[in-house]
Amino acid sequence: MYEIKDKVFLVTGGASGIGAGIVRTVLDHGAKNVIALDIDVVQGKALEKELNNKHGKNKAKFIECDITTQLQNAFDIATKEYGYIDVVINNAGIMNDSPRSYEKAIAVNVTALITSTLKAFEWMRKDQGGKGGTIINISSIVGLMQTPLLPIYSATKSAVLQFSNCFGMEPNFQSFGVRVVTVCFGTTDTSLLDPRKLGGFIKDIDENITIGINKLPLQSVQSAIEGLLTAYRNGNSGSTWLVTSNRPAEEITENVKNAYKTLSQGVF
C-alpha cells in the first residue's frame, strides 16, 4: 500500500471540482505539501489561503498555469519551493468537441498530460538519481466505450488510457521506478457538466449531449476522490481503475488487457 502521509503532491486542474477536492483531501490525510496548477486565479488563491490557514504556512501552493504552455515554469517553481514531487495527478480536462474548442481540448487532455507525465518521469526516475514516484492520469468511462455524441473527447480519453497503460508497463516500472496508474471517472457532479462548457462537433447535437449525460449515473465529487485515493494506495504500475456511480473503486486492468488481446487478433 502506498502512503499519502509526508508526500508532496502536484495536481493539475487543482483549483476547483475534483482537483480541489484532491488537494484538500490529501492534506487532510497528512500530505507534506500540495501544489495546485490552474488558470483560475480567483479560486486557486482562495484555496491556497483556506488550506494554509487550516494546515499551516506553505502547506499548499497555487500556481497560475496554462498547462498547454507553462508546465515547465510551474514544475520549476514547485521543485524549487519543495525540493521534490512524489505524486503528480494529471486531472485537468476539457469536455468540448465544438469547432472553437476542440484543439484546446486535445492540447489539454492529451498533449499537456503527456508533457506533464514526461516531466514528472524525468524528475522521479531512479536510474537518474530520482527517488521514484507516482503519476496518476485521469481518463474517463468514454475511454472504455463508444458514443456518437463526443467523438473528440472520447478519443482524447482513449489516448490517455493507452498512453498511461503502455508507459506504466512492468518493464518500464522495473527500469525506472516510476509508477503510472490510470483512473477512469464516470459522470461526476462538477462544472464540467455545465451546458455552457459543453459542445458538440456540430451545433445540432448539443442538446443530445446534455440529454445523454443526464441518462448516466451521477457520482459525487467525494466519491470520485475516494476512488482515486484507493487507486493511489493499491494500484500497480500500468493498472486501470474504474470510479463511477458512487461505487467503490474497481480495478479493471484485466478487462482492458483482454480488450486489447481481442483488438490485436490477427496483428501478429
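Residues numbered from 1 in each chain as written. Predicted model: local features only at pLDDT ≥ 70, side-chain atom pairs only at ≥ 80, totals over all residues. Heavy atoms only, no water.

**Observations concerning the state of the cysteines**
Counted according to the given criterion, the structure contains zero disulfides. Cys-184 carries a free sulfur, and the closest cysteine sulfur to it, the one in Cys-166, is 14 Å from it. Looking at Cys-184, the relative accessible area reads 0%, which means it is buried. (Disulfide = S-S within 2.5 Å. Buried < 20%, exposed > 50% of the residue type's maximum accessible area, 1.4 Å probe, protein only.)

**Some words on the packing of helix H1 (residues 17-28) against helix H2 (residues 41-55)**
In contact at an axis separation of 11 Å, H1 and H2 are set at 10 degrees when each is read in the N-to-C sense. The pairing of H1 with H2 is recorded here as roughly parallel in orientation. Together, Ala-20, Val-23, Arg-24, Leu-27 and Asp-28 of H1 and Leu-47, Glu-50, Leu-51, Lys-54 and His-55 of H2 make up the contact between the two elements. By residue class, the composition of the contact of H1 with H2 is five nonpolar, one polar and four charged. (Axes fitted to C-alpha atoms, helices over the stretch in contact; angles between N-to-C directions. Helix = DSSP H or I, 4+ residues; strand = E, 2+ residues; numbered from the N terminus. Parallel < 35°, antiparallel > 145°, perpendicular 65-115°, else oblique. Contact = heavy atoms within 4.5 Å. Nonpolar A, V, L, I, M, F, W, Y, C, P; charged D, E, K, R; others polar.)

**Notes on helix H8 (residues 221-234)**
Between its first and last C-alpha, H8 extends 20 Å over 14 residues, near the 20 Å set by a 1.5 Å rise per residue. Regarding H8, the residues found buried are Ser-223, Ala-224, Ile-225, Gly-227, Leu-228, Leu-229, Ala-231 and Tyr-232. Contact partners of the buried residues in H8: strand S1 (8-12), H1, strand S4 (87-90), strand S5 (133-140), strand S6 (178-185) and strand S7 (240-243). (Expected span 1.5 Å × (residues − 1).)

**Remarks on the environment of Asn-255**
Within the secondary structure layout, Asn-255 lies in helix H9 (residues 253-263). With a relative accessible area of 52%, Asn-255 lands in the exposed category. In this structure, the C-alpha to C-alpha distance between Asn-255 and Arg-179, residues 76 residues apart in sequence, is 20 Å.

**Some points on the pairing of S7**
Alternating positions in S7 separate into two faces, Thr-240 and Leu-242 on one and Trp-241 and Val-243 on the other, with burial throughout. Pairing analysis gives two bridges linking S7 to strand S8 (residues 250-251), with the strands arranged antiparallel. For Leu-242, the partnering residue across the bridge sits in S8 and is Glu-250. Between the antiparallel neighbours S7 and S8 lie six residues, among them Ser-245 with a positive phi of about 60 degrees. (Pairing = 2+ DSSP bridges.)

**Examining the pattern of salt bridges**
Per the counting criterion, the structure on display carries seven salt bridges. Among the salt bridges present, the one from Lys-54 reaches Asp-28, with a minimum N-O distance of 3.0 Å. Of this pair, Lys-54 sits in helix H2 while Asp-28 sits in helix H1; the two residues are 26 residues apart in sequence, bridging distant segments of the chain. In this structure, the salt-bridge partner of Asp-206 is Lys-203, at a minimum N-O distance of 3.4 Å. Each member of the salt-bridge network shares a partner with another, and the members are Glu-122, Arg-125 and Asp-127. (Salt bridge = Lys/Arg side-chain N within 4 Å of Asp/Glu carboxyl O.)

**Looking at the packing of aromatic side chains**
In this structure the tally under the stated criterion is six aromatic pairs. Judged by centre distance (5.7 Å) and plane angle (40 degrees), the rings of Tyr-84 and Trp-123 are tilted. Highlighted residues: Tyr-84 in the loop between helix H3 (71-82) and S4 and Trp-123 in helix H4 (residues 102-124), separated in sequence by 39 residues. Classification of Tyr-84 as buried rests on a relative accessible area of 11%. Overall, Trp-123 belongs to the partly exposed group, its relative accessible area being 35%. When the ring of Phe-163 is compared with that of Phe-167, the centres are 5.4 Å apart and the planes differ by 50 degrees; the resulting orientation is tilted. Placement of both Phe-163 and Phe-167 in helix H5 (residues 151-167) is noted, with a separation of four residues, approximately one turn of the helix. Side by side, Phe-163 and Phe-167 carry an identical accessibility label, which is buried. An aromatic cluster is defined as three or more aromatic residues linked by ring pairs; in this entry it consists of Phe-121, Phe-163, Phe-167 and Phe-176. One cation-aromatic arrangement involves Arg-179 over Tyr-2; the distance from NZ or CZ to the ring centre is 3.4 Å. (Phe/Tyr/Trp six-rings, centres within 6.5 Å; stacked < 30°, edge-to-face > 60°. Lys NZ or Arg CZ within 6 Å of the ring centre and 35° of its normal.)

**Here's the deal with unusual backbone geometry**
In this structure, Asp-6 is a non-glycine residue whose phi angle is positive, near 70 degrees. Mapping Asp-6 onto the fold places it in the segment before S1. Residue class for Asp-6 comes out partly exposed when judged on its relative accessible area of 49%.

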